[in-house]
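Okay, here's what each chain looks like letter by letter:
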Amino acid sequence: MSLTLYHCADARSFRALWALEELGLPYELKLLPFPPRVLAPDYLAENPLGTIPLLVDGATRMTESAAIVQYLATREGPSALSVEPGDPAYGDWLNGLHFGEATLTFPQTLVLRYTRLEPQDRRNPQVADDYGRWFTARLKGLEPRLAANGRWYCAERFTGADISVGYALLLAETLGLDARFSLAVADYWARLQTRDGFVRAKAAQSAAPAPTWQT
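Remember, predicted model here, so these are calculated numbers, not experimental data. Throughout this description, residue numbers start from 1 for each chain and increase along the sequence as written. Per-residue local features are limited, in this predicted model, to residues with pLDDT of at least 70; the limit for side-chain atom pairs, both in listing and counting, is 80 or more; totals at the level of whole chains, interfaces and linings are taken over all residues. For the side-chain quantities, the full set of heavy atoms in the structure was used; hydrogens and water were omitted.

### With respect to the nonpolar core
- In this text, buried Ala, Val, Leu, Ile, Met, Phe, Trp, Tyr and Cys residues form a nonpolar core when linked through side-chain atoms within 4.5 Å. The buried label goes to any residue with under 20% of its type's maximum accessible area, the exposed label to any with over 50%, and the partly exposed label to all in between, with areas taken from a 1.4 Å probe on protein chains only. Grouped together as the largest cluster of nonpolar side chains are 55 residues, with contacts concentrated most on L142 and Y188.
- Strands are runs of DSSP state E lasting at least 2 residues, helices are runs of H or I lasting at least 4, and numbering of each runs from the N terminus. The element that contributes the greatest number of residues to this core is helix 7 (residues 160-174), accounting for 9 residues.
- Between two residues, a contact is recorded if the distance between any of their heavy atoms is within 4.5 Å. Beyond its immediate sequence surroundings of up to four residues, Y188 is in contact with L142, L146, R151, W152, Y153, D162, V165 and L169.

As C-alpha cells, then:
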C-alpha cells in the first residue's frame, strides 16, 4: 500500500518525512507552499483544515505529526523507531512523542505567528519574546532525560520520540531560538542532524518538484 505525504519544507510535516526516511519506507512526497490553506486552496479538498502534514495510507488519513510518527513506527509491528508495550521505556516513548509537539512546538508557533506570519501592523515582539522564553524554560525538561538515557530521549537509543523532539529543535533554529540552547541540548541537536534519515529527509524536500497548486 503506497504512502503519500503532503509536506511544507521544514514545517511540522518534517517529522513524518524524517520517520519515513529512517524506516526506509517508499512514499510519494507532495510539496506545498506555506501556509497551504492560503497559498494552495485546492489542497482544502484533501484536508479541509488546510494544515500539514497529511499522510495518506490507503483509507487512512492522518494530520497530526506526532501521531504519524507513532503510526509509521508501529504500522507493521515493532521497528527501530518504536518502543513496545511492556518495555519499561514505553511510557517515556509516548511522552516524548507528545512532549515534542504539545510542550516544545506549541509556544514556538506563537513566535512564528507574531514575527513572520501576521501582517506587519499586527506583529507583536512582546508576545514573541514571552513565548520564546516559555519555550526555553520548557527545554529544561529535556536535559535530565538526555543525561539518563545515553544522550537520547528514552530507551538509551534513537526512537520516534527523538524525531518529535528533534523537529522542535529544528523549528527553534529556524526562529533563531537555538542561541538559547544549553550545551547538552545543542550537542543533542547536532547529533540528530547527522542521522542518515535526517540528511535524506532534508535532501528529499530539496529535490521535490516545486509546488504546482493553483492559488
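Now that the structure is up, let's keep going.
### With respect to the packing of helix 4 (residues 90-117) against helix 7
- Two numbers describe how helix 4 lies on helix 7: the axes approach to 8 Å, and their chain directions differ by 15°. Here helix 7 runs roughly parallel to helix 4, going by the angle between their axes. Note that helix 4 runs across helix 7; the crossing there is left-handed. Across from W93, G96, L97, F99, G100, E101, L104, T105, Q108 and R116 in helix 4, the residues of helix 7 making contact are G160, A161, S164, V165, Y167, A168, L171, A172 and T174.
- Polarity classes work like this: nonpolar for Ala, Val, Leu, Ile, Met, Phe, Trp, Tyr, Cys and Pro, charged for Asp, Glu, Lys and Arg, and polar for all others, with Gly in that last group. Its residues assigned to classes, the contact of helix 4 with helix 7 shows 10 nonpolar, 7 polar and 2 charged. Here, axes are lines fitted to C-alpha atoms. For helices the fit covers the stretch in contact, and angles between N-to-C directions go from 0 to 180 degrees. For this classification, under 35 degrees means roughly parallel, over 145 means roughly antiparallel, 65 to 115 means roughly perpendicular, and everything else is oblique. Here a crossing is called left-handed whenever its near helix is offset anticlockwise from the far helix by less than a right angle, and right-handed whenever the offset is clockwise.

### So, helix 1 (residues 14-23)
- Counting buried residues along helix 1, 9 of its 10 residues qualify, which places the element largely inside the surrounding structure.
- Those residues of helix 1 lying buried are F14, R15, A16, L17, W18, A19, L20, E21 and E22.
- Two residues or fewer after helix 1 comes G24, characterised by a positive phi angle close to 70°.

### Remarks on the environment of C154
- Turning to its location among the elements, C154 is positioned in the loop between helix 6 (143-148) and helix 7.
- The exposure class assigned to C154 is buried, which follows from its relative accessible area of 0%.
- Here the alpha-carbon distance between C154 and G91, two residues 63 residues apart in the chain, equals 9.4 Å.
- Sequence-distant contacts of C154, that is, excluding residues within four places in its chain, are made with D92, W93, R145, N149, T159 and A161.

### A word on the packing of helix 1 against helix 7
- Close contact between helix 1 and helix 7 brings their axes to 9 Å; oriented N to C, the two are set at 130°. Relative to helix 7, the element helix 1 is oriented oblique. Seen along the crossing, helix 1 lies across helix 7 with a hand that is right-handed. Where helix 1 abuts helix 7, its residues F14, R15, W18, A19 and E22 lie against D162, I163, S164, G166, Y167, A168 and L170.

### Topic: the side chain of R145
- Along the chain, the position of R145 falls in helix 6.
- Not counting the four nearest positions on each side in its chain, R145 is found in contact with D92, W152, Y153 and C154.

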